[in-house]
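Remarks on the overall topology
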Amino acid sequence: MKLRVYLMLAGIIRDISQRKRAEDLLRRTNEELRLATEKAEQADRLKSAFLASMSHELCTSLNSIIGCSGMQKDERRLCHARE
């Protein structure tokens, strides 16, 4: 007595090339977005450092001007009081 074994295969073929293209596009877009975000964050840090520096420079100069104008105002009061 001979046993015969038959092997049957069944499958479905589906074209996923469009899906793969969409995944690649999404991957590239996400990478571009990540890079743009990093660039924007770096620009924000540079802007903040610049504004802090300018604020310090302006305050230093303005304090000198305010101090000098206060001294002149006091001198005028003394002059008027002497007269």
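Residues numbered from 1 in each chain as written. Predicted model: local features only at pLDDT ≥ 70, side-chain atom pairs only at ≥ 80, totals over all residues. Heavy atoms only, no water.

1. Digging into the overall build of the chain
Our working rule: Each helix corresponds to a stretch of at least 4 residues labelled H or I by DSSP, and each strand to a stretch of at least 2 residues labelled E; elements are numbered beginning at the N terminus. Buried, partly exposed and exposed residues are distinguished by accessible area as a fraction of the type maximum, computed with a 1.4 Å probe on protein chains only: under 20%, between the cut-offs, and over 50%, respectively. Only the protein chains shown count as cover for residues, with accessible areas throughout obtained via the Shrake-Rupley method and a probe of 1.4 Å. Only four residue types enter the charge count: Lys and Arg as positive, Asp and Glu as negative, with His and the chain ends excluded. For the purpose of locating charges, the reference atoms are NZ of Lys, CZ of Arg, CG of Asp and CD of Glu.
Regarding its fold elements, the chain presents 1 helix and 0 strands. Taking all 83 residues of the chain together, 0% fall into the buried category. Of the roughly 8,800 Å² that the chain leaves accessible, carbon and sulfur atoms contribute 60%. Positive and negative side-chain charges of the chain, numbering 16 and 12 respectively, have mean locations separated by a distance of 13 Å.

2. Describing a nonpolar patch on the surface
Note the cut-off: Note on patches: the residues involved have over 30% relative accessible area and no salt bridge, like charges join within 9 Å, and the nonpolar side chains Val, Leu, Ile, Met, Phe, Trp and Tyr join within 5 Å. Any Lys or Arg side-chain nitrogen found within 4 Å of a carboxyl oxygen on Asp or Glu counts as a salt bridge.
Where nonpolar side chains cluster on the molecular surface, the patch consists of Phe-50, Leu-51, Met-54, Leu-58, Leu-62, Ile-65 and Ile-66 and spans about 700 Å² of accessible area. Owing to a relative accessible area of 33%, Met-54 belongs among the partly exposed residues under this scheme.

3. Let's talk about the pattern of salt bridges
Two side chains bearing opposite charge may form a pair once their charged atoms approach each other closely. On inspection of all chains with the given rule, the structure shows 6 salt bridges. With its nearest N and O atoms 3.3 Å apart, the salt bridge here joins Arg-19 to Glu-23. Placement of the pair is Arg-19 and Glu-23 together in helix α1 (residues 17–82), with a separation of 4 residues, close to one helical turn. The partly exposed category is assigned to Glu-23, whose relative accessible area is 27%. Linked by salt bridges that have partners in common, Arg-19, Lys-20 and Glu-23 make up one network.

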